[in-house]
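# Observations on chain architecture
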Amino acid sequence: MTKTNGQKPSQRAALVSRSPKTKADKLAVSSVVLERLKAEYPDAHCELDYRNPFELLCATILSAQCTDVRVNMVTPALFARYPDAHALRAATQEDVEEIVRSTGFFRAKAKSLIGMAGMLVAKYDGNVPRTIAELVPLAGVGRKTANVILGNAFDINEGIVVDTHVQRLVRRLGLTRQADPIGIELALMPLFPRDDWALLSHLLIWHGRRTCFARKPNCTGCVIQESCASWPAV
C-alpha cells in the first residue's frame, strides 16, 4: 500500500476520452491553467495566519481535517501561551488539548505539537529546519506539511503541496490519474515551472474553495472550463 502521509486519495478521475494524452498536451493545459488562475486570483496565498515558521508549522499540523478558518480561531490562544518550541515542549498534554479541542482529533494533534516542539529543541535548537528530509521526521509532519512550510515560510520550492482540493482539480483537468498525493505531486512537478510550485497550490486551493467545489462545481463560472477534461460532465 502506498504511503499517503495522512492524505486521502482522490475519489474521482477525469474522463479518459477528454484527458490530454501526451506530455505536450498536458504542458499546454498546464500553461493555460496557471496563466488564467494567476489572473483570477492575483492575491492567492496561504490562508493560515502565522508570523514565523514555527507558527506556520503548528497551524499546518492543526489544519488536518479542519478548515483554515477554524485553525485561525484557535492559534492566537495557542501562540500566546506557547510562543516558541521551547515553551510548547514543556506544555502539558491536557492544556494543549483544551486549546486545540475545536479543531478535531485534538488528542492526537496535541501530542504531535508537543512532540514536534521537543524534536525541534533537541535537534535544531528550537528552529524549524529548511529541508523535507529534516521536516518529515518531526511529529505530525508529512510531505504535504513539509512542502507548506518550505514554500510559504522559506520561499523554497522543493515540492508541490497536494491537498484534497489540488487532488480533485488536477484529476478533473486530466493532468494525472494518480490516486495518491505523492504520485500526483511527482506527476505535476514536470508540468509547471519550479518557481511557481508554491503559488500553484494556492491557486488550485483557492479555485477549489471558490469555484470547483467537490459536489457541485460552478463550471459555468470557471475560468479554466475550456481546459478541463471533465467539463461538462462533472
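Scope of this entry: the structure provided in the associated data block. Computed from a predicted model, the values in this text were never measured in an experiment. (Residues numbered from 1 in each chain as written. Predicted model: local features only at pLDDT ≥ 70, side-chain atom pairs only at ≥ 80, totals over all residues. Heavy atoms only, no water.)

## Observations concerning the overall build of the chain
Tallying secondary structure elements over the chain gives 11 helices and 0 strands in all. What you see in the chain, going N to C, is helices and strands ordered as α-α-α-α-α-α-α-α-α-α-α. The C-alpha radius of gyration of the chain comes to 18 Å, within 12% of the 17 Å expected for a compact globule of 234 residues. Judged by the C-alpha coordinates and their principal axes, the chain covers about 55 × 35 × 30 Å. When burial is assessed residue by residue, the chain has 51% of its 234 residues classed as buried. (Helix = DSSP H or I, 4+ residues; strand = E, 2+ residues; numbered from the N terminus. Rg over C-alpha atoms; globule rule 2.2 N^0.38 Å. Buried < 20%, exposed > 50% of the residue type's maximum accessible area, 1.4 Å probe, protein only.)

## A closer look at the packing of helix α5 (residues 93-100) against helix α6 (residues 106-124)
Between two packed helices, what matters for the description is the angle formed by their axes and the separation of those axes. Contact geometry for α5 and α6: axes closest at 8 Å, N-to-C directions at 120 degrees. Regarding the angle of α5 to α6, the classification is oblique. Helix-helix and strand crossings are classified by hand; for α5 and α6 the assignment is right-handed. The segment α5 lies against α6, with Gln93, Val96, Glu97 and Val100 engaging Phe106, Arg107, Ala110, Lys111, Leu113 and Ile114. Its residues placed into classes, the contact of α5 with α6 shows 6 nonpolar, 1 polar and 3 charged. (Axes fitted to C-alpha atoms, helices over the stretch in contact; angles between N-to-C directions. Parallel < 35°, antiparallel > 145°, perpendicular 65-115°, else oblique. Left-handed = near helix turned anticlockwise from the far one by under 90°. Contact = heavy atoms within 4.5 Å. Nonpolar A, V, L, I, M, F, W, Y, C, P; charged D, E, K, R; others polar.)

## Topic: helix α10 (residues 181-188)
Pro181, Gly183, Ile184, Glu185 and Leu188 are the residues of α10 that are buried. Two or three places before Ile182, at the opening of α10, Asp180 has a side-chain oxygen 3.2 Å from that residue's backbone nitrogen. (Polar contact = N/O pair within 3.5 Å; in protein donor to acceptor, adjacent residues only side chain to side chain.)

## Observations concerning the environment of Ser31
Checked against the element boundaries, Ser31 lands in helix α1 (residues 23-40). Distance in space between the C-alpha atoms of Ser31 and Leu191 is 8.2 Å, their sequence separation being 160 residues.

## Digging into the side chain of Ser227
Residue placement: Ser227 occurs in the segment after α11 (197-210). On the accessibility criterion, Ser227 (15% relative accessible area) is buried. Aside from chain neighbours lying at most four places away, what touches Ser227 is Val29, Val32, Val33 and Leu173.

## Focus on the nonpolar core
Residues Leu57, Leu88, Val96, Val100, Leu113 and Met116 are the most contacted members of the largest nonpolar core, which totals 40 residues. Secondary structure elements with two or more residues in this core: α2 (53-62), α3 (68-81), α4 (85-89), α5, α6, α7 (132-135) and α8 (143-153). Once you skip the residues sitting within four places of it in the chain, Met116 turns out to touch Phe54, Leu57, Cys58, Ile61, Leu88, Leu138 and Ala139. (Core = buried A, V, L, I, M, F, W, Y, C linked by side-chain atoms within 4.5 Å.)

## Quick notes on the packing of α2 against α6
Close contact between α2 and α6 brings their axes to 10 Å; oriented N to C, the two are set at 150 degrees. Taken together, the axes of α2 and α6 are roughly antiparallel relative to one another. Regarding α2 and α6, the two cross each other, and that crossing is right-handed. Listed contacts from α6 to Phe54, Leu57, Cys58, Ile61 and Leu62 of α2 are Lys109, Ser112, Leu113, Met116 and Leu120.

## What to know about the environment of Met73
Here Met73 shows up in helix α3. Residues Met73 and Lys144 lie 71 residues apart in sequence; the distance between their C-alpha atoms is 22 Å.

## Section: the pattern of salt bridges
Per the counting criterion, the structure on display carries 8 salt bridges. In this structure, Glu47 and Arg210 form a salt bridge, with 3.0 Å as the shortest nitrogen-oxygen distance. Of this pair, Glu47 sits in the loop between α1 and α2 while Arg210 is found in helix α11, placing the two residues 163 residues apart along the sequence. Using a relative accessible area of 24% as the deciding quantity, one classes Glu47 as partly exposed. Residue classification places Arg210 among the partly exposed residues on the basis of a relative accessible area of 34%. The closest approach of N and O atoms between Asp68 and Arg209, which form a salt bridge, is 3.0 Å. Here the residue Asp68 occupies a position in helix α3, and Arg209 occupies one in helix α11, the gap between them amounting to 141 residues. For Arg209, a relative accessible area of 31% puts it in the partly exposed group. Several salt bridges converge on common partners, so that one network encompasses Glu47, Asp68, Arg209 and Arg210. (Salt bridge = Lys/Arg side-chain N within 4 Å of Asp/Glu carboxyl O.)

Nothing here speaks to function; it is geometry throughout.
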